[in-house]
Structure formats: C-alpha cells, structure tokens
Amino acid sequence: MSKIHEQWMQKAIIEAKTALKNKEFPVGAIVVRNNQIIGKGYNQIELLKDATAHAEMIAITSASSYIKDWRLNDCDIYITLEPCCMCAGAIMKSRLKNVFFGAYNKSDGCVSSLYNLCNDPRFNHQSGIKGGILGDECSYLFQSFFQDSSIN
C-alpha cells in the first residue's frame, strides 16, 4: 500500500475520531486536490438530526464550496468506511476521480461490497476505487463504537 494513501487515510481517521468523541458512528472523510485537503467531514447524523449528514456528504460539500465548483474531477476522497449508496451517488455526481476507503462495508457498501455504483458504465462518470487502506485501524473504530455502552 502506498504510504501517501496511508497518510491521507490517517487524516480521515482523525475526522472519524471526532465523530466518535461526539457519540456519532465514527466515519471520517477528506477530499484531496493537488496534494492539499480541500474538504473534510465526519458523521453528524445525530447532531444535525439529518440522515444525509454522512462524512462523505459533508466533505464533498466542503470541497465544492472551497473551489467554488460542484465538479471535483481532479480530486480524490479518502473515507474510513466504504460508502453507502447515497454517498456513492454523491461521489459519482460530483465526479470525484478516485475513492480510497478503509474498512469494507459488507452490509451497506456500494463501491465494492454489495455493488459498485461508481464504476457502472451506464453512468457518464466512473471513479477509481481502492479499499482496505488501514482497514484494521478503521474497523477498530467501529468496534469501539459498538462496545461503548454509553453510546448505544
């Protein structure tokens, strides 16, 4: 695994740890362009009482605001968990170049595990996909969330 991908995933893990501290499911995401973070986010579903407040959605919105364009063609996203169908759709619609994720999501993942929405040739955009980056470290965060009885 490329060290640069691990370094970027560490930044997404920092976001996930912020979610965990806030009693949110610990998913973090960052958007990178030209070797710079231009957007970041962590799950805020409980805080905002909004089912769409996933880390990816917040990071994409942040990046689009930063570059003042919804097209993120030359950007990559790093996420601690394989994206769900909603987030995979947002990734595709914002035209992100590559998706790098940590833990596979066997029950809800839509860029590898259950389906690969971001590589369906019927759509006008496809993204590169690479999973398992610091997967054990990312999975540990999710296990910590479910083991903490004060959260559930």
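Predicted, not measured: the structure shown is a model, and the values here were computed from it. (Residues numbered from 1 in each chain as written. Predicted model: local features only at pLDDT ≥ 70, side-chain atom pairs only at ≥ 80, totals over all residues. Heavy atoms only, no water.)

J.: What am I meant to see in the overall build of the protein here?
T.: Within the protein, the secondary structure is distributed over five helices and five strands. Taken from the N to the C terminus, the helices and strands of the protein come in the order α-β-β-α-α-β-α-β-β-α. In terms of overall size, the protein behaves like a compact globule, its C-alpha atoms giving a radius of gyration of 14 Å where 152 residues would be expected to give roughly 15 Å. When the backbone C-alpha atoms are referred to their principal axes, the protein occupies close to 45 × 30 × 30 Å. When burial is assessed residue by residue, the protein has 48% of its 152 residues classed as buried. (Helix = DSSP H or I, 4+ residues; strand = E, 2+ residues; numbered from the N terminus. Rg over C-alpha atoms; globule rule 2.2 N^0.38 Å. Buried < 20%, exposed > 50% of the residue type's maximum accessible area, 1.4 Å probe, protein only.)

J.: So what exactly am I meant to see when it comes to the pattern of salt bridges here?
T.: Between side chains of opposite charge, a pair can form as their charged atoms come close. Applying the stated criterion across every chain yields a total of five salt bridges. The partner of Glu-15 in a salt bridge is Lys-40, with the nearest N and O atoms 3.9 Å apart. One end of the pair, Glu-15, is in helix α1 (residues 3-21); the other, Lys-40, is in strand β2 (residues 36-42), and 25 residues separate them in sequence. Glu-15 sits in the buried class, given a relative accessible area of 10%. In this structure, Arg-122 engages Asp-120 in a salt bridge whose closest nitrogen and oxygen atoms are separated by 2.6 Å. Relative accessible area serves as the criterion here: at 5%, Asp-120 is assigned to the buried category. (Salt bridge = Lys/Arg side-chain N within 4 Å of Asp/Glu carboxyl O.)

J.: How should I be thinking about the packing of aromatic side chains in this particular structure?
T.: Scanning the model with the defined rule gives seven aromatic pairs in all. Geometrically, the ring pair formed by Phe-25 and Phe-145 is edge-to-face, given 5.3 Å between the ring centres and 85 degrees between the ring planes. Of this pair, Phe-25 sits in the loop between α1 and β1 (28-33) while Phe-145 sits in helix α5 (residues 135-147), and the two are 120 residues apart along the sequence. We classify Phe-25 as partly exposed; its relative accessible area is 25%. Here Phe-101 and Tyr-104 contribute two aromatic rings whose centre-to-centre distance is 5.0 Å and whose plane-to-plane angle is 80 degrees, an arrangement assigned as edge-to-face. Pairwise contacts between aromatic rings join Phe-25, Phe-142, Phe-145 and Phe-146 into one cluster. (Phe/Tyr/Trp six-rings, centres within 6.5 Å; stacked < 30°, edge-to-face > 60°.)

J.: When you look at the packing of α1 against α5 in this model, what are you seeing that I'm missing?
T.: Each pair of packed helices can be summarised by the angle the axes make with each other and by the distance between the axes. In the contact formed by α1 and α5, the axes pass within 11 Å of each other and the chain directions differ by 5 degrees. Between α1 and α5, the angle is such that the two are roughly parallel. Here Met-9, Gln-10, Ile-13, Ala-16, Lys-17 and Leu-20 of α1 come into contact with α5, specifically with Glu-137, Cys-138, Leu-141, Ser-144 and Phe-145. Considering only residue class, the contact of α1 with α5 consists of seven nonpolar, two polar and two charged. (Axes fitted to C-alpha atoms, helices over the stretch in contact; angles between N-to-C directions. Parallel < 35°, antiparallel > 145°, perpendicular 65-115°, else oblique. Contact = heavy atoms within 4.5 Å. Nonpolar A, V, L, I, M, F, W, Y, C, P; charged D, E, K, R; others polar.)

J.: Hey, could you run me through the side chain of Ser-94 in this one?
T.: The topology assignment puts Ser-94 in the loop between α4 (85-93) and β4 (98-103). The class for Ser-94 is buried, based on a relative accessible area of 4%. Within polar-contact distance, the side chain of Ser-94 engages the backbone oxygen of Ala-90 at 2.8 Å. (Polar contact = N/O pair within 3.5 Å; in protein donor to acceptor, adjacent residues only side chain to side chain.)

J.: What am I meant to see in the nonpolar core here?
T.: Nonpolar side chains in soluble globular proteins tend to end up buried together. Membership of the largest hydrophobic core comes to 37 residues, with the highest contact counts inside it found for Val-31, Ile-77, Tyr-78, Ile-79, Ile-91 and Leu-96. Listing elements by their share of this core, those giving two or more residues are α1, β1, α3 (55-67), β3 (76-81), α4, β4 and α5. The element contributing the most residues to this core is α1, with five residues. Apart from the residues within four sequence positions on either side, Leu-96 is in contact with Val-31, Ile-60, Leu-72, Cys-75, Asp-76, Ile-77, Ile-91, His-125 and Ser-127. (Core = buried A, V, L, I, M, F, W, Y, C linked by side-chain atoms within 4.5 Å.)

J.: Help me out: how do you make sense of the sheet that holds β3 in this one?
T.: Backbone-to-backbone hydrogen bonds join strands into a sheet, with any given pair of strands oriented parallel or antiparallel. A sheet is described by the order of its strands in space; here five strands give the open sequence β2-β1-β3-β4-β5, paired in mixed fashion. Each end of this open sheet is capped by a strand with a single partner; those strands are β2 and β5 (128-130). Looking at each pair of strands side by side, their axes are set apart by 15 degrees on average, direction ignored. Of the pairings in the sheet, the one linking β1 to β3 comprises four bridges and is antiparallel in character. Bridge pairing in β3 places Val-31 opposite Ile-77. This element, α1, spans β1, β2, β3 and β4 of the sheet and lies at about 140 degrees to β1. (Pairing = 2+ DSSP bridges.)

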